Amino acid sequence: MLKKSKKWMLAAGLAALMPLNTFAADYTWRFALEEIQGSVQDAYAQEFKRRVEEGSQGRVEVQVYPYGALGTSAQLTELVQNQAIQFAFASPGHLGAVIPEVQVFSLHFIFSDNNAVNKSVLANSQAINQLLAQAYAEKNLELLSIVPEGWMVWTGDRALNTPEAFKDFKIRTMTSPLLVEAYRAYGANPTPMPYSEVYSGLQLKQIDGQVNPIFAIEEMSFYEVQTHMTFARQAQFVTSLVANKTFFDGLPQDLQKLVKQVRTELVDHIYDVQHDFNQSRLQKIKENSDIKMVELTEAEREAFRKASLDVRQTYVEQAGQRGQEVLNTLLAEIKAAETKAAAR
Ligand code: 6CS
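Because the structure is predicted, anything quoted here is derived from the model rather than measured.

*Asks:* Now, about the pattern of salt bridges: what can you tell me, with residues and values included?
*Replies:* Counted under the stated rule, the structure contains 24 salt bridges. Among the salt bridges present, the one from R50 reaches E54, with a minimum N-O distance of 3.4 Å. Placement of the pair is R50 and E54 together in helix α2 (residues 40-55), with a separation of four residues, close to one helical turn. By relative accessible area, which is 55% here, E54 ends up exposed. Through salt bridges that share partners, E47, R50, R51, E54 and E265 make up one connected network.

Written as structure tokens, this is what we have:
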């Protein structure tokens, strides 16, 4: 028989060896992604999980659900709104049916060619932090961050270096209504569909092409069933990090503060991640295929820019007065940031 003091020492030793996570956390937060494991969103969520779990000293456990586990982008947004999950990424490319104002990010030739300018505008924008955040709040969503994931690149069965090349081109778009107008402006035949259906759509030639950042074109294998990648820098892919607003407002102050601190810390981190992923995966695509790379000249880009301008009016028709304000404010912020960057 062990003496009482020895028994106690044995119990204390065993407890010290037990990893912290064998104790139940006070909170379990479910965080759903619109992208697969290994993606930019996954890199964000894994780092978010690490920092939140560490920062809360084990009070919070974050469970990450990659794309495919819970549903399409539209379904994930509904799950957050119903508080079946607490956090998700909600890309403006799909969220436009719920929040028309967010489609400002679906407009072409809005962003600066200088990506560092875009990064700083997205992190500090009044258009986002006030006007858009209010539009999200009205849908019971807390807008925590707008996260850039890289330039959108067209892939297709042809080079797309003029608007004429888009004539009758069946391009898959995300499901926000304004995206259909953005591609109709080039004479294309846009076909909205969920992300999960794009590869088979291309393979079966139900669509001729699609548009996404490089890292996604690689990890979703789209490049395997396409002959050309066209680089026009017409738009950035951005997503939004959202939480259920009722849940977020009900959290203790210290946990709200921790989430806000982590999302601020992750601005630099995720910018570097997307930059690295987009560069390294371009290399991978080049090594693994003979897909042709088409880089537009400034004159070619200008033809697209001109053709895209009327879509801004359509945006205002869909997004109303607040949408107009979001657009004007964002354009002014980008211009001011460009002027500041040029003066450095
Ligand atoms: O094209 C889409 O639908 C998706 N693209 C990316 C890069 N992320 C999520 C989004 O749903």
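*Asks:* Provide a residue-level description of helix α3 (residues 73-81), including the pertinent values.
*Replies:* Those residues of α3 lying buried are S73, L76, T77 and V80. Each buried residue of α3 sits inside an arc of 100° when the element is viewed along its axis, so together they form one side. Residues of α3 that are buried sit in contact with β1 (27-32), β3 (87-90), α4 (92-95), β4 (141-151) and β10 (236-244).

*Asks:* Now, about the sheet that holds strand β9 (residues 228-231): what can you tell me, with residues and values included?
*Replies:* Strands belonging to one sheet form pairs held by backbone hydrogen bonds; the direction of such a pair is parallel or antiparallel. Strand order in this open sheet of six strands is β7-β6-β8-β5-β9-β11, and the pairing throughout is mixed. Each edge of the open sheet carries a strand with a single partner, namely β7 (189-192) and β11 (292-295). Sheet twist, expressed as the mean angle between neighbouring strand axes with direction ignored, is 25°. Looking at chain direction, strand β5 (residues 153-156) and β9 are connected through three bridges and run antiparallel. When the bridges of β9 are listed, T155 appears paired with M229.

*Asks:* Describe in detail the packing of aromatic side chains, supporting the description with residues and values.
*Replies:* In total, this model carries 21 aromatic pairs according to the counting rule given. Where F31 meets F89, the ring centres are 5.4 Å apart and the plane angle is 45°; that geometry is what we call tilted. With F31 in strand β1 and F89 in strand β3, this residue pair connects regions lying 58 residues apart in the sequence. You'll find F31 and F89 in the same group, each marked buried. Their ring planes at 85° and their centres at 5.9 Å tell us that F166 and F304 sit as a pair that is edge-to-face. In this pair, F166 sits in the loop between β5 and β6 (170-173) while F304 sits in helix α12 (residues 298-308), placing the two residues 138 residues apart along the sequence. Taken together, the aromatic side chains of Y27, W29, F31, Y44, F48, F87, F89 and F247 make up a single cluster linked through ring pairs. Note that R281 overlies the ring of F277, its terminal NZ or CZ placed 4.7 Å from the centroid.

*Asks:* Would you mind going over the site of the ligand in detail, with residue names and values included?
*Replies:* Looking at the ligand, the residues that line it are E34, E35, S73, H94, R172, M174, Y195, N212, P213, A216 and F237. Measuring from a nitrogen atom of the ligand, one finds a side-chain N or O atom of E35 at 2.7 Å. One of the side-chain N or O atoms of N212 is found 2.9 Å from a nitrogen atom in the ligand. Summarising the interface, the protein chains cover 100% of the accessible area of the ligand, which totals 300 Å² for the free molecule. The site holding the ligand turns out to be the second largest cavity.

Basis of the calculations
Residues numbered from 1 in each chain as written. Predicted model: local features only at pLDDT ≥ 70, side-chain atom pairs only at ≥ 80, totals over all residues. Heavy atoms only, no water. Salt bridge = Lys/Arg side-chain N within 4 Å of Asp/Glu carboxyl O. Helix = DSSP H or I, 4+ residues; strand = E, 2+ residues; numbered from the N terminus. Buried < 20%, exposed > 50% of the residue type's maximum accessible area, 1.4 Å probe, protein only. Arc of directions from axis to C-beta. Contact = heavy atoms within 4.5 Å. Pairing = 2+ DSSP bridges. Axes fitted to C-alpha atoms, helices over the stretch in contact; angles between N-to-C directions. Phe/Tyr/Trp six-rings, centres within 6.5 Å; stacked < 30°, edge-to-face > 60°. Lys NZ or Arg CZ within 6 Å of the ring centre and 35° of its normal. Near = heavy atom within 4 Å. Polar contact = N/O pair within 3.5 Å; in protein donor to acceptor, adjacent residues only side chain to side chain. Areas by Shrake-Rupley, 256 points an atom, 1.4 Å probe, with all protein chains shown as cover. 1 Å grid on protein atoms, 1.4 Å probe; cavity = no way out; pocket = protein on both sides within 12 Å on 5 of 7 lines; lining within 4 Å. Sits in = over half its atoms within 2 Å of the grid points.

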